[in-house]
Amino acid sequence: MSDPALIRRAVLTGTGTYLPAQIVTNEDMAKRVDTSDEWITERTGIKQRHFAAPHETASFMGAEAGRQALSAAGLAPEALGAIIVGTSTPDNAFPATAVQIQAMLGASKAFGFDLAAACSGFIYGLSVADAMIRAGQVESVLVIGTEVYSRILNFEDRGTCVLFGDGAGAVLLQARNVAKDGAGLLSTHLHADGRLGDILYVDGATGRREMPGHLVMNGREVFRHAVSLLSSAVTEALSANGLAAADIDFLVPHQANKRIIDGVGKKLGLPPERVVVTVDKHANTSAASIPLALHEAIAGGRIKPGALVLLEALGGGLTWGSALLRI
Ligand code: ACO
């Protein structure tokens, strides 16, 4: 008999990442387009990004990150229940990246699918995985964000091509019966507003070889909506859980831009040491940015078991949302 005082939750049991070997600094970008380290640093906080080599596709990088997360948790691939991949840059329209990763990992019993929510893909993925685990449909889900934005960037547009990078991050969520104040996902909140689709989009479908679409963005409009929508998303997460900002140990935001991150951190009144920032090293890796940042903070010993962590993201769609997680 299970203890009625315990709640079935999706608990984070492992994390993993993959970053392409090639590092491209702002100075390198300045050789390619009319820009400067000073402009990029001042406007965005970005100092460098990783760009994928031809073999480093979304599925390849996602599988590497996923393998690391499974191994950190000590779960055999054959025991995995499901794989959810947030990506806007899949290798192919189908099979889904998640299903390619299933084969690469040898996760023979897992089902999988991709989820298109741009930079909010990881938060959307966590939310779906959480619901499936709580409902008893699966015991374990790998949630992966994996992106090769270098293949959809317009290198004629200096206003966008300096902002993005490639990489993958993964978390393993496993069903556990825990006490009310125990570990696991406490809440997720998702939002979308398709009327704002024209301020950030890719003008075509993606694919591995010939890339028919490029990223297009109205940076000012995205910035304006990002700070206000993300601030309301974090307020919503706190009030749904009866918490105050002071209860949050760490904010792990989507890493789009240091100024957006600072804006939300300030709104919450969080000191910089409680906000995880990796945008300087990775730039904006879209759906991969939160799991990359989360892994770095956990693996580096900064975020420890028991910590209350708030995740938030906003991306093309627009889509946005939050997740509150106790490690
Ligand atoms: N290097 C040098 N100059 C540049 C560059 C560049 N890379 N890009 C643009 N400029 C120039 C412009 O041409 C313009 O020059 P002008 O005044 O002579 O016409 C000037 O800089 C100002 O351009 P703006 O686009 O108005 O610059 P802004 O101050 O708005 O900064 C930025 C642009 C950084 C994109 C900003 O709007 C922003 O941070 N937006 C948020 C968007 C974002 O982070 N998106 C990520 C994806 S969405 C997400 O993940 C949440």
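First, a word on scope: everything that follows refers to the structure included in this document. (Residues numbered from 1 in each chain as written. Predicted model: local features only at pLDDT ≥ 70, side-chain atom pairs only at ≥ 80, totals over all residues. Heavy atoms only, no water.)

Moving on: the overall build of the chain. For the chain, the helix and strand inventory stands at 10 helices and 13 strands. A globule of 327 residues ought to have a C-alpha radius of gyration of about 20 Å, and the chain, at 18 Å, matches this closely. With the C-alpha coordinates aligned to their principal axes, the bounding extent of the chain is approximately 65 × 45 × 40 Å. Taking all 327 residues of the chain together, the buried fraction comes to 57%. (Helix = DSSP H or I, 4+ residues; strand = E, 2+ residues; numbered from the N terminus. Rg over C-alpha atoms; globule rule 2.2 N^0.38 Å. Buried < 20%, exposed > 50% of the residue type's maximum accessible area, 1.4 Å probe, protein only.)

Turning our eyes to something else, we now look at the sheet that holds strand β13 (residues 319–326). Here 4 strands make up an open sheet; going across it, the order is β8-β13-β12-β11 and the pairing mixed. Edge positions in the open sheet fall to β8 (184–192) and β11 (250–253), since each of these has one partner strand only. Sheet twist, expressed as the mean angle between neighbouring strand axes with direction ignored, is 15 degrees. Two strands pair when backbone bridges link them, and β8 and β13 are joined in this way by 8 bridges, in the antiparallel orientation. By the bridge assignment, His189 is partnered in β13 with Ser322. Along the sheet, helix α7 (residues 219–240) contacts β8, β12 (308–315) and β13; its crossing angle with β12, the most-contacted strand, is approximately 145 degrees. (Pairing = 2+ DSSP bridges. Axes fitted to C-alpha atoms, helices over the stretch in contact; angles between N-to-C directions. Contact = heavy atoms within 4.5 Å.)

This next bit is on the pattern of salt bridges. Taken as a whole, this structure holds 11 salt bridges when the rule is applied. One salt bridge connects Glu64 with Arg67, and the closest N-O pair in it is separated by 3.0 Å. Here Arg67 and Glu64 lie together in helix α3 (residues 58–73), a separation of 3 residues that amounts to about one turn. Looking at Glu64, the relative accessible area reads 29%, which means it is partly exposed. (Salt bridge = Lys/Arg side-chain N within 4 Å of Asp/Glu carboxyl O.)

Moving on, we come to helix α4 (residues 97–105). Because an α-helix completes one turn every 3.6 residues, residues spaced three or four positions apart along the sequence face the same direction. If you check which residues of α4 are buried, you get Thr97, Ala98, Gln100, Ile101, Gln102 and Leu105. On its buried face, α4 sits against α3, β4 (82–86), β5 (111–115) and β6 (140–148).

What follows covers the side chain of His50. Tracing the backbone shows His50 in strand β3 (residues 48–50). Residue His50 is classed as buried on the basis of its relative accessible area, which comes to 9%. At a separation of 2.6 Å, a polar atom in the side chain of His50 contacts the main-chain carbonyl oxygen of Pro20. Residues contacting His50, with those up to four places away along its chain left out, are Leu19, Pro20, Gln22, Ile23, Gly165, Asp166 and Lys281. (Polar contact = N/O pair within 3.5 Å; in protein donor to acceptor, adjacent residues only side chain to side chain.)

As a further point, take the side chain of Ser187. For Ser187, the location among the structural elements is in strand β8. Side-chain polar atoms of Ser187 contact the side chain of Asn241, separated by 3.0 Å. Among residues more than four places away in sequence, those in contact with Ser187 are Asn241, Ser322, Ala323 and Leu324.

Around the ligand, the surrounding shell holds 23 residues, and the nearest of these are Thr35, Arg43, Arg158, His254 and Asn257. Arg220 places a side-chain nitrogen or oxygen 2.9 Å from an oxygen atom of the ligand. Contacts to the ligand include His254, whose side-chain N or O atom sits 2.8 Å from an oxygen atom. Elements with a minimum of two residues in the shell around the ligand: α2 (37–44), α6 (158–161) and α7. Top element by residues in the shell around the ligand is α7. It accounts for 4 residues. Counted by class, the shell around the ligand contains 12 nonpolar, 7 polar and 4 charged residues. (Near = heavy atom within 4 Å. Nonpolar A, V, L, I, M, F, W, Y, C, P; charged D, E, K, R; others polar.)

So, on to the sheet that holds β5. Spatially, β1-β7-β6-β4-β5 is the arrangement adopted by the 5 strands of the open sheet, whose pairing is mixed. One side of each edge strand has no neighbouring strand; the edge strands of this open sheet are β1 (7–18) and β5. The average angle at which neighbouring strand axes cross in this sheet is 20 degrees, direction not considered. Note that β1 and strand β7 (residues 166–178) share 11 bridges and pair antiparallel. Looking at β7, one finds that Arg8 is bridged to Asn177. Along the sheet, α4 makes contact with β4, β5 and β6, crossing β4 at roughly 130 degrees. Relative to β6, helix α5 (residues 121–134) is tilted by about 165 degrees, and along the sheet it contacts β1, β4, β5, β6 and β7.

Structural measurements only, silent on function.
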